[in-house]
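The chain contents come next:
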Amino acid sequence: MNVRIDVSNIKLETDRLILRPFQEEDLTDFYAYASVPGVGEMAGWTHHTSMEESKKILDIFLQEKKTFAIINKESKQVIGSLGLEEYDEEYFKEYEDQRGLELGYVLSKEYWGKGLMPEAVHRVIEFLFDEKNLDFITCAHFIQNSQSRRVIEKNGFQFVCEGVYDGKIGKFEDRNYILRKEDYRNGKI
Ligand SMILES: CC(C)(COP(=O)(O)OP(=O)(O)OC[C@H]1O[C@@H](n2cnc3c(N)ncnc32)[C@H](O)[C@@H]1OP(=O)(O)O)[C@@H](O)C(=O)NCCC(=O)NCCS
């Protein structure tokens, strides 16, 4: 079953990053990475074309309280997001008695290829299993998105099935993965 986790008042830290809830002051940084063509498109949304558009999405983040802003400690800028989303229960029927959610993430193109998102995801996995006691975490990527596939693989998720994501900018074949608490606890990641 899907579980909602409120990220208000939560601050997580890694060597290079801080994860904390989005704030109104993040608008400029958010627009800077969300307006770059080809970034959001890999995650199912079109790049932002105005600050107003980013403001609307930021307002949703503030209301929903389920998305972390990812801050680069060095520059102190917001360089991405990591959301605790609803997973598609259709693909994980055998887990209906257990507590889970899906991770969704985006990183500023400037910072790709430095292992930053795997580092952020790893910290959130620790938080969800060790502090929130979830049973499993899911993740999905569009079939062509090998960059996201690598983040998922680096964190020890297991492939479950292919599916179809029917979103705002169209239908995409995707691949769905799971990480179960027992595999995490057994040190398989
Ligand atoms: C997916 C994403 C978060 C990965 O973050 P990251 O911190 O760059 O992850 P990594 O550094 O581990 O790199 C992952 C893979 O990207 C590829 N990659 C690295 N640098 C790259 C670059 N500059 N351009 C394109 N691909 C690159 C490599 O194949 C790398 O895998 P490897 O480490 O095995 O070589 C990031 O690419 C992104 O924000 N993409 C757009 C949004 C998106 O796809 N979100 C996920 C939706 S499911």
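What counts, and at which threshold
- Residues numbered from 1 in each chain as written.
- Predicted model: local features only at pLDDT ≥ 70, side-chain atom pairs only at ≥ 80, totals over all residues.
- Heavy atoms only, no water.
- Helix = DSSP H or I, 4+ residues; strand = E, 2+ residues; numbered from the N terminus.
- Polar contact = N/O pair within 3.5 Å; in protein donor to acceptor, adjacent residues only side chain to side chain.
- Contact = heavy atoms within 4.5 Å.
- Near = heavy atom within 4 Å.
- Areas by Shrake-Rupley, 256 points an atom, 1.4 Å probe, with all protein chains shown as cover.
- Nonpolar A, V, L, I, M, F, W, Y, C, P; charged D, E, K, R; others polar.
- Patch = residues over 30% accessible without salt bridge, like charges linked within 9 Å, V, L, I, M, F, W, Y side chains within 5 Å.
- Salt bridge = Lys/Arg side-chain N within 4 Å of Asp/Glu carboxyl O.
- Lys, Arg positive; Asp, Glu negative; His and termini not counted.
- Charge placed at Lys NZ, Arg CZ, Asp CG, Glu CD.
- Buried < 20%, exposed > 50% of the residue type's maximum accessible area, 1.4 Å probe, protein only.
- Pairing = 2+ DSSP bridges.
- Axes fitted to C-alpha atoms, helices over the stretch in contact; angles between N-to-C directions.
- Phe/Tyr/Trp six-rings, centres within 6.5 Å; stacked < 30°, edge-to-face > 60°.
- Core = buried A, V, L, I, M, F, W, Y, C linked by side-chain atoms within 4.5 Å.
- Parallel < 35°, antiparallel > 145°, perpendicular 65-115°, else oblique.
- Left-handed = near helix turned anticlockwise from the far one by under 90°.

*Asks:* Looking at this model, I keep getting lost on the side chain of Ser35. Mind explaining?
*Replies:* Within the secondary structure, Ser35 sits in the loop between α1 (27-34) and α2 (51-64). Here Ala32 takes part through its backbone oxygen, which lies 3.5 Å from a polar atom of the side chain of Ser35. Once residues lying within four places of it in the same chain are set aside, the contact partners of Ser35 are His47 and His48.

*Asks:* Help me understand the site of the ligand in this model?
*Replies:* In the vicinity of the ligand there are 21 residues, among which Tyr105, Gly115, Asn145, Arg150 and Lys154 approach most closely. Note that an oxygen atom of the ligand is positioned 2.8 Å from one of the backbone N or O atoms of Gly113. In this structure, Asn145 approaches the ligand through a side-chain N or O atom, which is 2.7 Å from an oxygen atom. For the ligand, whose free accessible area comes to 930 Å², the fraction covered by protein is 74%. Elements that contribute at least two residues to the shell around the ligand include exactly β5 (100-107), α3 (116-131), β6 (136-142) and α4 (146-154). Along the lines of polarity and charge, the residues of the shell around the ligand split into 12 nonpolar, six polar and three charged.

*Asks:* Quick question: what am I supposed to make of a negative patch on the surface here?
*Replies:* The grouping of Glu86, Asp88, Glu89, Glu96 and Asp97 at the surface amounts to a negative patch. Relative to the helices and strands, Glu89 resides in the loop between β4 (78-85) and β5. The exposure class of Glu89 is partly exposed, given its relative accessible area of 41%.

*Asks:* Got a minute to help me understand the sheet that holds strand β7 (residues 158-167) in this structure?
*Replies:* Strand-to-strand pairing in sheets goes through backbone hydrogen bonds, with the strands running parallel or antiparallel. As summarised here, the arrangement of the eight strands in space is β1-β2-β3-β4-β5-β6-β8-β7, forming an open sheet in which the pairing is mixed. At either end of the open sheet lies a strand with only one pairing partner, and these are β1 (12-13) and β7. As judged from the five bridges shared by strand β2 (residues 17-21) and strand β3 (residues 67-72), these two strands associate in the antiparallel manner. Residue pairing in the sheet places Ile18 in a bridge with Ile71 of β3. Running over the sheet, α1 touches β4 and β5 and is turned about 85 degrees from β4.

*Asks:* Would you mind showing me how to read the packing of aromatic side chains here?
*Replies:* Centre-to-centre distance and the angle between the planes together describe a pair of aromatic rings. Going through the model one piece at a time under the given rule, you end up with 12 aromatic pairs. Here Phe30 and Phe61 contribute two aromatic rings whose centre-to-centre distance is 5.5 Å and whose plane-to-plane angle is 45 degrees, an arrangement assigned as tilted. Here Phe30, found in helix α1, pairs with Phe61, found in helix α2; they are 31 residues apart in sequence, far enough to count as distant. For the pair Phe30 and Phe61, a shared accessibility class is recorded, and that class is buried. Taking the centre distance of 5.2 Å and the plane angle of 75 degrees together, the rings of Tyr87 and Phe136 count as edge-to-face.

*Asks:* Could you clarify how one ought to interpret the nonpolar core in this entry?
*Replies:* Side chains that are nonpolar tend, in soluble globular proteins, to be buried together. Of all hydrophobic cores here, the largest spans 35 residues; its most connected members are Phe68, Leu82, Leu103, Leu128 and Phe157. Elements with a minimum of two residues in this core: β2, β3, β4, β5, α3, β6, α4 and β8 (170-180). Here this core gets nine residues from one element, more than from any other, and that element is α3. Counting residues in hydrophobic clusters, the runner-up holds 13 residues, among them Leu27, Val39, Leu58 and Val106.

*Asks:* What's the story with the packing of α1 against α2 in this structure? I'm lost.
*Replies:* Pairs of packed helices are described in terms of their axes, by the angle between the two and the distance that separates them. In the contact formed by α1 and α2, the axes pass within 9 Å of each other and the chain directions differ by 115 degrees. Put simply, α1 runs roughly perpendicular to α2. Here α1 runs over α2; the crossing is right-handed. In this structure, α1 uses Leu27, Phe30 and Tyr31 to contact α2, whose residues at the interface are Met51, Ser54, Lys55, Ile57, Leu58 and Phe61.

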